[in-house]
Number of protein chains: 4
Amino acid sequence: MQTNFDLYEHQAQYYETDQMGIIHHSNYIRWFEEARTNLLDQLGFGYDQMEKLGIIIPVLAITCTYKSMVYYNDRVFIIPKIEEFNGIRLTISYRIIDKATGVLRTTGESKHCFLDKTNRPISLKKEQTKMYDLFNDYWGIDLSK
Amino acid sequence: MQTNFDLYEHQAQYYETDQMGIIHHSNYIRWFEEARTNLLDQLGFGYDQMEKLGIIIPVLAITCTYKSMVYYNDRVFIIPKIEEFNGIRLTISYRIIDKATGVLRTTGESKHCFLDKTNRPISLKKEQTKMYDLFNDYWGIDLSK
Amino acid sequence: MQTNFDLYEHQAQYYETDQMGIIHHSNYIRWFEEARTNLLDQLGFGYDQMEKLGIIIPVLAITCTYKSMVYYNDRVFIIPKIEEFNGIRLTISYRIIDKATGVLRTTGESKHCFLDKTNRPISLKKEQTKMYDLFNDYWGIDLSK
Amino acid sequence: MQTNFDLYEHQAQYYETDQMGIIHHSNYIRWFEEARTNLLDQLGFGYDQMEKLGIIIPVLAITCTYKSMVYYNDRVFIIPKIEEFNGIRLTISYRIIDKATGVLRTTGESKHCFLDKTNRPISLKKEQTKMYDLFNDYWGIDLSK
């Protein structure tokens, strides 16, 4: 089992700012996705890999709580953690942390299911055993350490 | 007190789709903002008006639950409702409904506070009485009727 | 031949602003697409219709010249015009005009070809005669009048 | 004079795809900005530095030619080059190159001027000599080598 993961880093871009002079809040949802897809890549089951297997992982729900502001050019770490997994549903939590200071910027969560190409929900436990075992292994582990 | 509000309508754009062939989930957060700023415009206290008064309304938290998919070119109504307001905090809920069928696509909520130009939290009750009365009037009312 | 077209209107959104306090320049490219897809919809050959026929219309080149700034909440008209069409290549120009003042904000152009599902270039003249005739009819006509 | 520059790299994100299954063309304009601001950062005159000096660098014009497609998760280099500079106007060209294969994906150009906080055009030669000399030094040099 892999124990070393690269922390996912994002540098806030000018086009992500708004006229309040901060990063627009909608971008954090996109950064969650960046960190989520990067985590799945590191686990060997990236979105492109999944889509080749005919599996899509839609988002069922999002929460995001903004603790402190991110400004243009700031570098942040986005740290995902698999919170729940049963082969049918997947919950991932996120912490966004300022790289320079370690200050917490944002927390959030995304909930997912697994669909085949006909949009039918599938159980990884039955249909993708290897993937099931993998997600199961990493459930609840802090991947930032 | 105003009782007729225009329903806010958005047509899903091609640039809002992703390679799953649906509208990317991050866009709904932006549509919530479209409907929220439109509501404030209709109430006479739009974001530009607020910013001229030196008040900004940052987002403290977002939730979004995806019920069914929106596709390219679909027209949806985004219906905001002031759920809570005490002059210091503001909670708005949203329903996104397909225009053609009335089917519920998404529900969500945004939480806000009011800041002055130095990022100090302000109480509308004390500092912007007219605006306070207005938000207070519309609290809990279904503006889609 | 249809002679009445609705002018395509867009209201600049808060999430489209940047920290210069203006609409970020990348959004105009998206507004061109909004007006282009709206024009094709009005002509009866929208992108969704085209994709059902197995035809995609990728962008080969974009130009955009920024004349004056668009601010949050401004309403603009985006006026497309078919500049060139030979069944293989399509060039559309755009003018973005402030709704309130008529002042020109932006001009631009997009170049396109037509591909089938295997990414092979196709000639509408040979393979989609009805669509060919239609584009041919509207070539060079100012659709804003 | 600095001669070593880091190549600017971007990994194409899922939220940047569209339903054609490729990266939406508007994102390349944003990647140009990423590479441009990164170049100015490396030169010691980043956008945040400029804005502290009261200088903004708006975009006057953009061109972008799409040579071949970028797909989700592809890594690309975006290579900017200062093509013209006279203290009043600045032209930067861009090449987007696939990291894995070296294949050219996109070329483009952005034109800029320099404004003070009152939106008055300024000449760096007169008002920001150090910055003027710097841009002047790097004019026409291929920074990818």
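Residues numbered from 1 in each chain as written. Chains lettered and ligands numbered in written order. Predicted model: local features only at pLDDT ≥ 70, side-chain atom pairs only at ≥ 80, totals over all residues. Heavy atoms only, no water.

A.B. asks: What is the right way to read the overall build of chain A from this model?
C.D. replies: Of the regular secondary structure elements, chain A holds 4 helices and 5 strands. Starting at the N terminus and ending at the C terminus, chain A contains elements arranged as β-α-α-β-β-β-β-α-α. Compactness check: chain A gives a C-alpha radius of gyration of 16 Å against a globular reference of 15 Å for 145 residues, within 12% of the reference. Along the longest, intermediate and shortest principal axes, the C-alpha atoms of chain A span 50 × 35 × 25 Å. Buried positions account for 58% of the 145 residues belonging to chain A. For chain A, the exposed surface amounts to about 6100 Å²; the carbon and sulfur share of it is 49%. Considering chain A, the positive charge centre built from 17 side chains and the negative charge centre built from 19 side chains are found 4 Å apart. (Helix = DSSP H or I, 4+ residues; strand = E, 2+ residues; numbered from the N terminus. Rg over C-alpha atoms; globule rule 2.2 N^0.38 Å. Buried < 20%, exposed > 50% of the residue type's maximum accessible area, 1.4 Å probe, protein only. Areas by Shrake-Rupley, 256 points an atom, 1.4 Å probe, with all protein chains shown as cover. Lys, Arg positive; Asp, Glu negative; His and termini not counted. Charge placed at Lys NZ, Arg CZ, Asp CG, Glu CD.)

A.B. asks: Before we go on, may I ask you to explain the pairing of strand S3 (residues 75–85) of chain C in this structure?
C.D. replies: Residue and element names in this part refer to chain C. Here strand S1 (residues 8–11) pairs with S3 via 4 bridges, running antiparallel. Each bridged residue has a counterpart across the sheet, and for Gln11 the counterpart in S3 is Arg75. Where S3 lies against strand S4 (residues 89–98), 9 bridges are found, and the strand directions are antiparallel. Directly across from Phe77, in S4, lies its bridge partner Ile97. (Pairing = 2+ DSSP bridges.)

A.B. asks: Got a minute to help me understand the side chain of Asn27(B) in this structure?
C.D. replies: Following the sequence through the fold, Asn27(B) ends up in helix H1 (residues 26–43). Judged by its relative accessible area of 4%, Asn27(B) falls in the buried class. With sequence-adjacent residues up to four places away left out, Asn27(B) is seen in contact with Arg30(A) and Glu16(B). (Contact = heavy atoms within 4.5 Å.)

A.B. asks: I would appreciate a short explanation of the relation of the copies chain C and chain D in the present structure.
C.D. replies: Note on the chain copies: they are related by a rotation about an axis and a translation along it. Superposing chain C onto chain D takes a rotation of 180° combined with a translation of 0.0 Å along the rotation axis, leaving an RMSD of 0.0 Å. Those values place the two copies in the arrangement expected of a two-fold rotation axis. When each C-alpha of chain C is compared by its distance to the rotation axis, Thr63(C) comes out closest, at 2.2 Å. Comparing interface residues between copies, 100% of those in chain C also sit at the interface in chain D, which points to an isologous, same-surface contact. (Least-squares fit on C-alpha atoms with pLDDT ≥ 70 in both.)

A.B. asks: Sorry, what's going on with the interface of chain C and chain D here?
C.D. replies: Often the size quoted for an interface is simply the accessible area lost on bringing the parts together. On the chain D side, the residues contacting the 26 residues of chain C number 26 residues. Taking both sides of the interface into account, the surface hidden between chain C and chain D amounts to around 2100 Å²; carbon and sulfur atoms contribute 57%. Put simply, chain C and chain D have 0 salt bridges between them. The tally of links between chain C and chain D comes to 10 residue pairs in polar contact (both at pLDDT 80 or more). (Buried area = accessible area lost by both parts, 1.4 Å probe. Salt bridge = Lys/Arg side-chain N within 4 Å of Asp/Glu carboxyl O. Polar contact = N/O pair within 3.5 Å; in protein donor to acceptor, adjacent residues only side chain to side chain.)

A.B. asks: Sorry, what's going on with the packing of aromatic side chains here?
C.D. replies: Two numbers describe a pair of aromatic rings. These are the distance of the centres and the angle of the planes. Following the criterion strictly, the structure yields 40 aromatic pairs over all chains and no others. A ring pair is formed by Phe32(A) and Tyr94(A), whose centres lie 4.4 Å apart and whose planes are at 10°; its orientation type is stacked. Highlighted residues: Phe32(A) in helix H1 (residues 26–43) and Tyr94(A) in strand S4 (residues 89–98), separated in sequence by 62 residues. Each of the two residues, Phe32(A) as well as Tyr94(A), counts as buried. Measuring from ring centre to ring centre gives 6.2 Å for Phe85(D) and Phe114(D), while their planes differ by 90°; the resulting arrangement is edge-to-face. With Phe85(D) in strand S3 (residues 75–85) and Phe114(D) in the loop between strand S5 (104–113) and helix H3 (124–127), the pair connects residues that are 29 residues apart, well separated along the chain. (Phe/Tyr/Trp six-rings, centres within 6.5 Å; stacked < 30°, edge-to-face > 60°.)

A.B. asks: Is there a simple way to think about the relation of the copies chain D and chain A in this case?
C.D. replies: Expressed as a screw operation, the relation of chain D to chain A combines 0.0 Å of axial shift with a rotation of 180°, fitting to an RMSD of 0.0 Å. Here 100% of the contact residues of chain D are again contact residues in chain A; the copies associate through an equivalent surface.

A.B. asks: Got a minute to help me understand the pattern of salt bridges in this structure?
C.D. replies: If charged atoms from side chains of opposite charge come close, those side chains can pair. The final tally for this structure, using the stated rule, is 32 salt bridges over all chains. In this structure, the salt-bridge partner of Arg120(C) is Asp116(C), at a minimum N-O distance of 3.1 Å. Ionic contacts of the salt-bridge type, sharing partners, join the residues Glu9(A), Arg75(A) and Lys99(A) into one network.

A.B. asks: I would appreciate a short explanation of the sheet that holds strand S1 (residues 8–11) of chain D in the present structure.
C.D. replies: Two pairing modes exist for strands in a sheet, parallel and antiparallel, and in both the strands are linked by backbone hydrogen bonds. Taken in spatial order, the 10 strands of this open sheet run S1(C)-S3(C)-S4(C)-S5(C)-S2(C)-S2(D)-S5(D)-S4(D)-S3(D)-S1(D), and their pairing is antiparallel. On the outer flanks of this sheet lie S1 of chain C together with S1 of chain D, each paired with one strand and no other. With strand direction ignored, the average angle separating the axes of adjacent strands in the sheet is 20°. Across 5 bridges, strand S2 (residues 59–66) of chain C lies against strand S2 (residues 59–66) of chain D in antiparallel orientation. Looking across to S2(D), one finds that Ala61(C) is bridged to Thr65(D). Sheet contacts for helix H4 (residues 129–138) of chain C: S3 and S4 of chain C; angle to S3(C), the most-contacted strand, approximately 110°. (Axes fitted to C-alpha atoms, helices over the stretch in contact; angles between N-to-C directions.)

A.B. asks: When you look at helix H4 (residues 129–138) of chain A in this model, what are you seeing that I'm missing?
C.D. replies: Quick reminder: α-helices carry 3.6 residues per turn. Residues three or four places apart thus point the same way. Residue and element names in this part refer to chain A. The complete set of buried residues in H4 reads Met131, Tyr132, Leu134, Phe135 and Tyr138. Along the long axis of H4, the arc covered by the buried residues comes to 165°, so they all point the same way. Note on H4: the residue one or two positions beyond its end, Gly140, has a positive phi of about 85°. (Arc of directions from axis to C-beta.)

A.B. asks: I tried to follow the packing of helix H1 (residues 26–43) of chain C against helix H1 (residues 26–43) of chain D on my own but got confused; where do I start?
C.D. replies: Between two packed helices, what matters for the description is the angle formed by their axes and the separation of those axes. Running from amino to carboxyl end, H1(C) crosses H1(D) at an angle of 170°, the nearest separation of the two axes being 8 Å. With respect to each other, H1(C) and H1(D) are oriented roughly antiparallel. On H1(D), the residues that touch Ser26(C), Asn27(C), Ile29(C) and Arg30(C) of H1(C) are Ser26(D), Asn27(D), Ile29(D) and Arg30(D). Taken together, the residues of the contact of H1(C) with H1(D) sort by class into 2 nonpolar, 4 polar and 2 charged. (Parallel < 35°, antiparallel > 145°, perpendicular 65-115°, else oblique. Nonpolar A, V, L, I, M, F, W, Y, C, P; charged D, E, K, R; others polar.)

A.B. asks: Just to check I follow, could you spell out the pairing of S4(C) for this structure?
C.D. replies: Regular strands have side chains that alternate between both faces of the sheet. All names here are of chain C. In terms of burial, S4 is largely enclosed, as 8 of its 10 residues are buried. Here S3 hands over to S4 after 3 residues, with Gly87 in that stretch at a positive phi of 90°. Between S4 and strand S5 (residues 104–113), which pair antiparallel and follow one another directly, the connecting turn spans 5 residues, one of which, Gly102, has a positive phi of 75°.

A.B. asks: Help me understand the sheet that holds strand S5 (residues 104–113) of chain B, please; the structure alone is not making it clear to me.
C.D. replies: Sheet architecture is open: 10 strands sit in the order S1(A)-S3(A)-S4(A)-S5(A)-S2(A)-S2(B)-S5(B)-S4(B)-S3(B)-S1(B), paired in antiparallel fashion. Looking at strand neighbours, the two that pair on one side only are strand S1 (8–11) of chain A together with strand S1 (8–11) of chain B, the edges of this open sheet. Taking each pair of neighbouring strands and ignoring which way they run, the sheet shows an average axis angle of 20°. The pairing of strand S2 (residues 59–66) of chain B with S5(B) spans 7 bridges and is classified as antiparallel. Residue pairing for S5(B): Val59(B) is matched across the bridge by His112(B). Along the sheet, helix H4 (residues 129–138) of chain B contacts strand S3 (75–85) and strand S4 (89–98) of chain B; its crossing angle with S3(B), the most-contacted strand, is approximately 110°.

Interpretation note: all reported values are geometric properties and have no functional meaning in isolation.
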